[in-house]
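# Chains, contacts and geometry: an overview
The lines below spell out each chain.
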Amino acid sequence: MRRFPFMSEHNVLMLAGIGVIVMFCQWIAWRVRVPAILFLLLAGIVAGPLGGWLNPDPLFGRLLFPFISLSVAIILFEGSLTLQFHEIRGLETVVRRLISGGLVITWLITTLATRWIMGFSWELAFLFGAITVVTGPTVIAPLLLTVRPVARVANVLRWEGIAIDPIGALLAVLVYEFIVSLGGGAAWGNVLLTFGEMIAIGGFVGVGSGMAAAVVLRRNWLPDHLMNIAMLVLVFAVFAGSDALHPESGLLSVTLMGIFLANRKGVPVEEILAFKETLSLMLLSVLFVILAARMDLESLLGLGWKALLVLAVMVFVARPLKMLFATWGSPLPWKERALLAWMAPRGIVAAAVSALFAIQLEAQGVTDAKQLLPLTFMVIIGTVVLQSLTARPLAVALGVALPEPNGFLIVGANSVARAIGKALQGQDVPVLLCDSNWDNIATARMDGLPTYYGSAISEHADRHLDLAGLGRMLALAPDENYNALVAAHYRDQFGRKKVYILQSSTRQDSAGKHRSAAVHSGDDLFGAGITFGRLASLIGQGAAVRATTLSDAFDFVHYQNSGDKPPIPLFLVDTNGYVLPVMDDGEMAPPSGWTVLGLVPPEGGSA
């Protein structure tokens, strides 16, 4: 069998190894509830400069920077698809200031610190300041998943991180053009011309491509199975085409295209997002490992204390002043402003742009150009490590962190849903009942239960349903097909194992062709034989959900066999207050101290 020279066993092993490292880092981060960026950077350093196992330059060769550029384009496009103008209603001025005047504040303060502390030339100091103004989605998005701040803080940070990336890259290109044009005596003319060309080309290509894509998607000119791959190819084409017309305009184009599609009515961006989010997560993780593996530890450590002082100025002076300017006169309370002033990690765009310019400037003999890349990486590592470890505790201390998502979204506000909702609420578990039947909603509100009047799968619900503190779903409507539809809708939101369906009365007797496929449903609640009809009948007879604490003398076996009409166990509550639905997946043996929420049949009724 003929072998291709670039597909040696060693290269294949290294590529597969990167994938294994990425997944292991993500898993560890999930287990210890710390942003995966920390483990990805550490893994890249261990595999690269420390271990010598991974060297991205010979592995990828001349394709390394094209791969990085296309990956960043996908990440920016996926992030921009989530930017909807209604999310920042009332905060438009804050976002606009962050990516305009606030950007200039960060740039100038960082430039002065780099010039006076590091001793860089003015030209190189201005370039470093331009490179590090970005706080991109490659680090903001994973950080927000861990910190989980209130919606306003999260929306402002997402908008800033995604919108500022192409602007920061554009600014860095302008400064670079100024540096290389100084010798020709026409530096300012070149800068102004470059700026105008980049804005014009990036805007025209981005908005034009967004309009064309919107027409294709709204008119269903693509079959469903080609939609994701077609959009991926379009992102590549827009980025490459825009960059071909003018270098470094591609990031602006794909960002504008994503924002246009996200805010165009009738465009099914949700179907694209699921695929793009998975792809972005993989690319983001791989990029961090690769770029960390390219680091020169000797140059990084050789920066000394001066580099740490520059980092301190950026974190403790530049960012607070930028946020003070951006939020002046805004409705944001001071606690939310304080968290915004603390969270500004740098990411992939800064690393990629600095690597590109450092190589080019070194070739031109620019003094201190070789320090540009390690100083940028020091800022990335410093901001990521510092803010990853402290942002969540700070958000909790300030009271601007969302509660842990242990609550339940309950689909249905009928008698069964209300009884279960009140029992869960009695255990201090957040609940929210959704129903399109006004009588059910009115009764639930009189019982003191939080409600949403409308369908849980409506477009209005997608935009306005407040899921803060809710991490699981109970589908308790009497219509099993509706339950399955809702479960499929929220499976990506909560996770496949956190969506539960109560069987209908007729499910067990229905022919297979009349039942929803299991792949479209959630896990069955409460075990075999426990159906909506049975619970509704018992509650109609006077049954109630009651809490019973187990002990050594009265364990779960005694509970199940207590009395002539034993209760039906519905939920288990551990000693930490975490609620687990009872499932038909084997023997249950909750220990002493746990609480059982069970439906106790009425006197004279039947279980």
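Everything here concerns the structure above.
All of the points below concern the structure found in this document. Here the structure is a predicted model, which is why all the values come from computation and not from measurement.

## So, the overall build of the protein
Check the secondary structure of the protein and you find 24 helices and 10 strands. The buried share of the protein, reckoned over its 607 residues, is 51%. At a minimum sequence separation of 6, the contacts of the protein that also span at least 24 residues come to 76%. Carbon and sulfur atoms provide 61% of the accessible area of the protein, an area that totals close to 27500 Å².

## Side note on the packing of helix α2 (residues 36–50) against helix α18 (residues 372–398)
Packing of α2 against α18 leaves a shortest axis separation of 10 Å and a crossing angle of 140 degrees. Viewed along their axes, α2 and α18 adopt a mutual orientation that is oblique. Both α2 and α18 take part in a crossing whose hand is left-handed. The segment α2 lies against α18, with Ile37, Leu38, Leu41 and Ile45 engaging Ile381, Val384, Val385, Ser388 and Leu389.

## Considerations on the pattern of salt bridges
Following the criterion strictly, the structure yields 6 salt bridges and no others. A salt bridge links Glu336 to Arg152; the nearest nitrogen and oxygen atoms lie 3.1 Å apart. With Glu336 in helix α16 (residues 334–342) and Arg152 in helix α9 (residues 151–181), this pair connects stretches of sequence that are 184 residues apart. Of the residues examined, Arg152 reaches a relative accessible area of 33% and is grouped as partly exposed. With a shortest N-O distance of 3.9 Å, Arg418 and Asp447 are connected by a salt bridge. Residue Arg418 is found in helix α19 (residues 415–426), and its partner Asp447 is found in the loop between α20 (438–446) and β3 (451–453); the two are separated by 29 residues along the sequence.

## Quick notes on the nonpolar core
By size, the foremost hydrophobic cluster in this structure holds 116 residues, and its most contacted members are Leu127, Leu261 and Phe357. Apart from residues lying up to four places away in sequence, Phe357 is in contact with Leu127, Ile131, Ala172, Val173, Tyr176 and Leu372. With 35 residues, the next largest nonpolar core counts Ala423, Val429, Leu449 and Leu538 among its residues.

## Points about the pairing of strand β2 (residues 431–435)
Taken across its 5 residues, β2 has 5 buried, putting it largely inside the fold. Of the two faces of β2, the one lined by Val431, Leu433 and Asp435 and the one lined by Leu432 and Cys434 are each fully buried. Bridge count between strand β1 (residues 407–411) and β2: 4 bridges; the pairing is parallel. Counterpart to Val411 in the pairing with β2 is Cys434. Viewed along the sheet, the connection from β1 through α19 into β2 turns out right-handed.

## What about the pairing of strand β4 (residues 470–475)?
In the case of a regular strand, side chains alternate between the two sheet surfaces. The buried fraction of β4 is high, at 6 of 6 residues. One ladder, built from 5 bridges, connects β1 with β4; its direction is parallel. From the neighbouring strand, Gly407 faces β4, where its bridge partner is Leu470. With 3 bridges connecting them, β4 and strand β5 (residues 499–501) associate as parallel partners. Note on β5: the bridge partner recorded for Leu474 is Tyr500. With helix α22 (residues 480–494) bridging β4 and the parallel β5, this β-α-β connection has right-handed handedness.

## So, a nonpolar patch on the surface
There is a patch of nonpolar side chains on the surface, built from Phe316, Val317, Leu321, Leu324, Trp328 and Leu386 and spanning about 600 Å² of accessible area. When residues of the nonpolar patch are assigned to their parent elements, the largest contribution, 4 residues, is made by helix α15 (residues 304–327). Tracing the chain through its elements places Leu386 in helix α18. On the basis of relative accessible area, Leu386 is assigned to the partly exposed category, the value being 31%.

## So, unusual backbone geometry
A positive phi angle, close to 50 degrees, is found at Arg148, a residue other than glycine. Within the element layout of this structure, Arg148 appears in the loop between α8 (137–147) and α9. Of note in the backbone geometry, Asp428 takes a positive phi value of approximately 65 degrees without being a glycine. When its relative accessible area of 72% is taken as the criterion, Asp428 is described as exposed.

## Observations concerning the side chain of Thr383
With respect to the secondary-structure elements, Thr383 resides in helix α18. At 3.1 Å, the side chain of Thr383 forms a polar contact with the backbone oxygen of Ile380. Not counting the four nearest positions on each side in its chain, Thr383 is found in contact with Leu311, Val315, Ala344, Pro345, Arg346 and Ser388.

Cut-offs and rules
Residues numbered from 1 in each chain as written. Predicted model: local features only at pLDDT ≥ 70, side-chain atom pairs only at ≥ 80, totals over all residues. Heavy atoms only, no water. Helix = DSSP H or I, 4+ residues; strand = E, 2+ residues; numbered from the N terminus. Buried < 20%, exposed > 50% of the residue type's maximum accessible area, 1.4 Å probe, protein only. Contact = heavy atoms within 4.5 Å. Areas by Shrake-Rupley, 256 points an atom, 1.4 Å probe, with all protein chains shown as cover. Axes fitted to C-alpha atoms, helices over the stretch in contact; angles between N-to-C directions. Parallel < 35°, antiparallel > 145°, perpendicular 65-115°, else oblique. Left-handed = near helix turned anticlockwise from the far one by under 90°. Salt bridge = Lys/Arg side-chain N within 4 Å of Asp/Glu carboxyl O. Core = buried A, V, L, I, M, F, W, Y, C linked by side-chain atoms within 4.5 Å. Pairing = 2+ DSSP bridges. Right-handed = clockwise from strand over helix to strand, strands pointing away. Patch = residues over 30% accessible without salt bridge, like charges linked within 9 Å, V, L, I, M, F, W, Y side chains within 5 Å. Polar contact = N/O pair within 3.5 Å; in protein donor to acceptor, adjacent residues only side chain to side chain.

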